[in-house]
Amino acid sequence: MHNDYGRGFYCTENIELAKEWACGKQTNGYANIYELDMSDLKCLNLNSKRYNILNWLAILADNRTYWQNGSIAEEAKKYIKDHFLLDISGYDVIIGYRADDSYFSFAQDFVSGLISFQKLSEAMRLGKLGEQIVLKSEKAFQQLKFIGYEVADAEEYYIKKTEREREARKEYRRNKKGNANINDLFMLDIMREGIQNGDARLSI
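On a predicted model such as this, the values are computed, not experimentally measured, just so you know.

A. Highlighting the overall build of the protein. Check the secondary structure of the protein and you find eight helices and six strands. For the protein, the N- to C-terminal ordering of α and β elements is β-α-β-β-α-α-β-α-α-β-α-β-α-α. For the protein, restricting intrachain contacts to residue pairs at least 6 apart in sequence, the fraction spanning at least 24 positions comes to 83%. For the protein, the accessible surface area stands at approximately 11400 Å², while carbon and sulfur atoms represent 46% of it.

B. A look at helix α1 (residues 15–22). Taken as a whole, α1 has its buried residues at Leu17, Ala18, Lys19, Glu20 and Trp21. Buried residues in α1 make contact with β1 (9–11), β2 (29–36), β5 (131–135), β6 (144–152) and α7 (154–176). Backbone nitrogen of Glu16 and a side-chain oxygen of the N-cap are separated by 2.9 Å at the start of α1; the cap is Asn14.

C. Looking closely at the pairing of strand β4 (residues 93–97). Counted residue by residue, β4 has five buried out of five residues, so it is predominantly covered. Looking at chain direction, strand β3 (residues 43–45) and β4 are connected through three bridges and run parallel. Looking at β4, one finds that Leu44 is bridged to Ile94. Here five bridges tie β4 to β5, and the two strands are oriented antiparallel to one another. Bridge assignment links Val93 to a residue of β5, and that residue is Leu135.

D. Spotlight on unusual backbone geometry. With a phi close to 65°, Gln26 is a non-glycine residue in the positive phi region. Within the secondary structure, Gln26 sits in the loop between α1 and β2.

E. Representation of the pattern of salt bridges in the model. Counted under the stated rule, the structure contains 11 salt bridges. Glu156 is the partner of Lys160 in a salt bridge, and the nearest nitrogen-oxygen pair spans 3.1 Å. On the criterion of helical spacing, the pair formed by Lys160 and Glu156 is a turn pair, its members being four residues apart in helix α7. On the basis of relative accessibility, which here comes to 33%, the residue Lys160 falls in the partly exposed class. Here the salt bridges share partners, and the residues they tie into one network are Glu16, Glu156 and Lys160.

F. A look at the environment of Tyr5. Its location among the elements puts Tyr5 in the segment before β1. A C-alpha to C-alpha distance of 10.0 Å links Tyr5 and Ile133, two positions 128 residues apart in sequence. Setting aside anything within four residues of it in sequence, one finds Tyr5 in contact with Tyr10, Leu46, Trp56, Ile59, Asn63, Ile88, Ile94, Gly96, Tyr97, Gln132, Val134 and Lys136.

G. Representation of a nonpolar patch on the surface within the structure. Taken together, the side chains of Tyr30, Tyr34, Phe146, Tyr149 and Val151 make up a nonpolar region of the molecular surface, amounting to roughly 570 Å² of accessible area. Of all the elements in the fold, those that place two or more residues in the nonpolar patch are β2 and β6. In terms of residue count, the dominant contributor to the nonpolar patch is β6 (three residues). Position of Phe146 among the secondary structure elements: in strand β6.

H. How the structure looks around the sheet that holds β5. The four strands are arranged β1-β5-β4-β3 in an open sheet whose pairing can be described as mixed. In this open sheet, the two edge strands, each paired with only one partner strand, are β1 and β3. Shown here is a sheet whose adjacent strand axes are inclined to one another by a mean of 20°, direction ignored.

I. Looking closely at the layout of surface pockets. Empty space within the largest pocket amounts to approximately 620 Å³. As for the largest pocket, its lining consists of 22 residues, and the residues nearest its centre are Cys11, Thr12, Glu13, Asn32 and Tyr34. Those elements giving two or more residues to the lining of the largest pocket turn out to be β1, α1, β2 and β5. When residues of the lining of the largest pocket are assigned to their parent elements, the largest contribution, seven residues, is made by β2. Along the lines of polarity and charge, the residues of the lining of the largest pocket split into 17 nonpolar, three polar and two charged.

Conventions adopted
- Residues numbered from 1 in each chain as written.
- Predicted model: local features only at pLDDT ≥ 70, side-chain atom pairs only at ≥ 80, totals over all residues.
- Heavy atoms only, no water.
- Helix = DSSP H or I, 4+ residues; strand = E, 2+ residues; numbered from the N terminus.
- Contact = heavy atoms within 4.5 Å.
- Areas by Shrake-Rupley, 256 points an atom, 1.4 Å probe, with all protein chains shown as cover.
- Buried < 20%, exposed > 50% of the residue type's maximum accessible area, 1.4 Å probe, protein only.
- Polar contact = N/O pair within 3.5 Å; in protein donor to acceptor, adjacent residues only side chain to side chain.
- Pairing = 2+ DSSP bridges.
- Salt bridge = Lys/Arg side-chain N within 4 Å of Asp/Glu carboxyl O.
- Patch = residues over 30% accessible without salt bridge, like charges linked within 9 Å, V, L, I, M, F, W, Y side chains within 5 Å.
- Axes fitted to C-alpha atoms, helices over the stretch in contact; angles between N-to-C directions.
- 1 Å grid on protein atoms, 1.4 Å probe; cavity = no way out; pocket = protein on both sides within 12 Å on 5 of 7 lines; lining within 4 Å.
- Points joined across faces, edges and corners; volume = space filled by probe spheres on them.
- Nonpolar A, V, L, I, M, F, W, Y, C, P; charged D, E, K, R; others polar.

Put into structure tokens, the structure is as follows:
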């Protein structure tokens, strides 16, 4: 499976988002409800201030098979993986953005040099497209308890899903047209200046 964070059990704390995901193919679905005992589980929260969006993007680049072709995009992807990829093998649970079609297109625009790091950071917060929780270890699976389920009606939740993504893309296009700040960082700047984890300019 070439999901955002590799093999794992993907879920969310937001029941409404879960129902939207369940209707992704315009068919009715189910949102299962679980309890997870986080005691003694090692958790990597990519949205904490300790990490930056490039850490998330490096993991995404390491797991997603599709990426743009072209020398700049390929070189940028390699740089991100070489300098920002975290070792996630020791974690039981990972929390981070969900790279649906909208988020993935935002990330690709950044890697291709079309938008700045600052614009990418703004884009990731658009449309409330969702944070996901991924169980990675057998230990985490053993602490998961099934509670029940709720039916997700595609007539309601597929529409909500497409509307959420449409709003995110519309807001993204609006922000993308905005004037860039002279101090904004683009992918080429990051590569040329050898920017790595811990650089204050990545703390947004």
